[in-house]
Amino acid sequence: MNQSWTIAKKELASFFNSLIAYILLIAFLVFTGIFTWIYGGGDVFFRKQADMQVFFSFANIILIIFIPAITMRLLSEERKSGTMELLLTKNVSNRQVVLGKFTAAFLMVCITLAFTLVYYFSISRLGNFDHGASITGYLGLLLMSAAYISIGLFASSLTKNQIVAFLLALAISICFRFMFDLIASSMTGWLGDLFNTLSLQNHYDSIARGVIDTKDVIYFLSITALGIFLSEYMISKRS
């Protein structure tokens, strides 16, 4: 576990030693801020409701692009530069490498969302505010982010090309976020139920509404665990 934390700190520092972290962080805050406060027809002032639903609705979409941009280089760059083999010759297991990379990306998302707490404190002063729904909304974003990060890691483990890793992670995330929900709405019976269960949107919406159901938490943790396992498997297969 110490090795994983060492890798995580190294990767997190590398984010902030380049412009990547700052560009992505500022872009995320700008877009969520525009849609939460300014964008006509959906912003807080137009709706005249003191809640975070507008922010959560747009943040979960923006994270689909934000997270693959973070994860695309985590494993693919190691393989391209040949440092993966060097890293694995040390007293570090495949799992520790993957967990370290995952932790770094997850901490990056946590830092980004921490900056949006200014929205939380500002909106809470505008009227009758449901703190419970906002807390579960942030929990939903974190669980969803963990799932997207594991998908991004898996995509990054498949190729040495960062752009390919980004596009692959984006495509898989879109399937979980949009396609399964679309397919479920067009089907009935057990197939409809299956795709409805696979739809990330349905599970996220449930948590964002303030309902913490065990099956939703298990769903996100299962995707996260599967992505980490597949990433570890691909590293062992290619090393």
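Quick caveat, the model's predicted, so the values are computed rather than measured. (Residues numbered from 1 in each chain as written. Predicted model: local features only at pLDDT ≥ 70, side-chain atom pairs only at ≥ 80, totals over all residues. Heavy atoms only, no water.)

## Regarding the overall build of the protein
Under the convention used in this document: The helix and strand labels rest on DSSP assignments: H or I over at least four residues marks a helix, E over at least two residues marks a strand, and numbering proceeds from the N terminus. Note on classification: 1.4 Å probe, protein chains only; a residue is buried when its accessible area is under 20% of the maximum for its type, exposed when over 50%, partly exposed between these limits. What makes two residues a contact is simply this: any of their non-hydrogen atoms within 4.5 Å.
Scanning the protein for helices and strands turns up 13 helices and zero strands. Going through the 239 residues of the protein one by one, you find that 49% of them count as buried. Contacts in the protein between residues at least 24 apart in sequence constitute 76% of all its contacts with a sequence separation of at least 6.

## Remarks on the nonpolar core
The condition that has to hold: Nonpolar cores were defined as sets of buried Ala, Val, Leu, Ile, Met, Phe, Trp, Tyr and Cys residues, with membership established by side-chain atoms within 4.5 Å.
Core analysis: the largest hydrophobic core is formed by 60 residues, its most contacted members being M52, F55, L141 and F220. In this structure M52 touches Y119, Y120, I123, F129, S134 and Y138, once residues within four positions along its chain are discounted.

## Considering the side chain of R73
With respect to the secondary-structure elements, R73 resides in the loop between α4 (53-71) and α5 (76-81). Discounting chain neighbours no more than four positions away, the residues touching R73 are E11, S14, F15, I20, E78, S156 and Q162.

## Description of the environment of T197
Here T197 lies in helix α11 (residues 189-198). Using a relative accessible area of 45% as the deciding quantity, one classes T197 as partly exposed. Remark: the alpha-carbon pair of T197 and F180, spanning 17 residues in sequence, is separated by 8.7 Å. If we ignore the near neighbours within four places in the chain, the residues touching T197 are H203 and Y219.

## What to know about the packing of α4 against helix α9 (residues 131-158)
In plain terms, the rule: Helix axes are fitted only over the stretch in contact, all axes being lines through C-alpha atoms; the angle between N-to-C directions runs from 0 to 180 degrees. With respect to orientation, any angle under 35 degrees is reported as roughly parallel, any angle over 145 as roughly antiparallel, any angle of 65 to 115 as roughly perpendicular, and every other angle as oblique. Crossing handedness is read from the near helix: turned anticlockwise from the far helix by less than a right angle, it gives a left-handed crossing, and turned clockwise, a right-handed one.
In contact at an axis separation of 9 Å, α4 and α9 are set at 25° when each is read in the N-to-C sense. The angle between the axes of α4 and α9 places the two elements in the roughly parallel class. Classified by chirality, the crossing of α9 by α4 is right-handed. Within the contact between the two elements, α4 uses F55, F56, A59, N60, L63, I64, I67 and T71 and α9 uses A133, S134, G137, Y138, L141, M144, S145, Y148, I149, G152, L153 and S156.

## Things to note about the packing of aromatic side chains
The condition that has to hold: Side-chain rings of Phe, Tyr and Trp (the six-membered ring for Trp) are treated as a pair once their centres are within 6.5 Å; stacked means planes under 30 degrees apart, edge-to-face means over 60, and tilted covers the remaining angles.
Applying the stated criterion across every chain, the model contains nine aromatic pairs. When the centroid spacing of 5.2 Å and the interplanar angle of 85° are considered together, the rings of Y120 and F121 count as edge-to-face. Among the aromatic residues, those joined into a ring-pair cluster are F55, F56, Y119 and Y138.

## With respect to helix α12 (residues 200-208)
Summarising burial for α12: seven of the nine residues are buried, a large majority. Those residues of α12 that sit buried are L200, Q201, H203, Y204, S206, I207 and A208. After α12 finishes, the residue G210 shows a positive phi value of roughly 100°.

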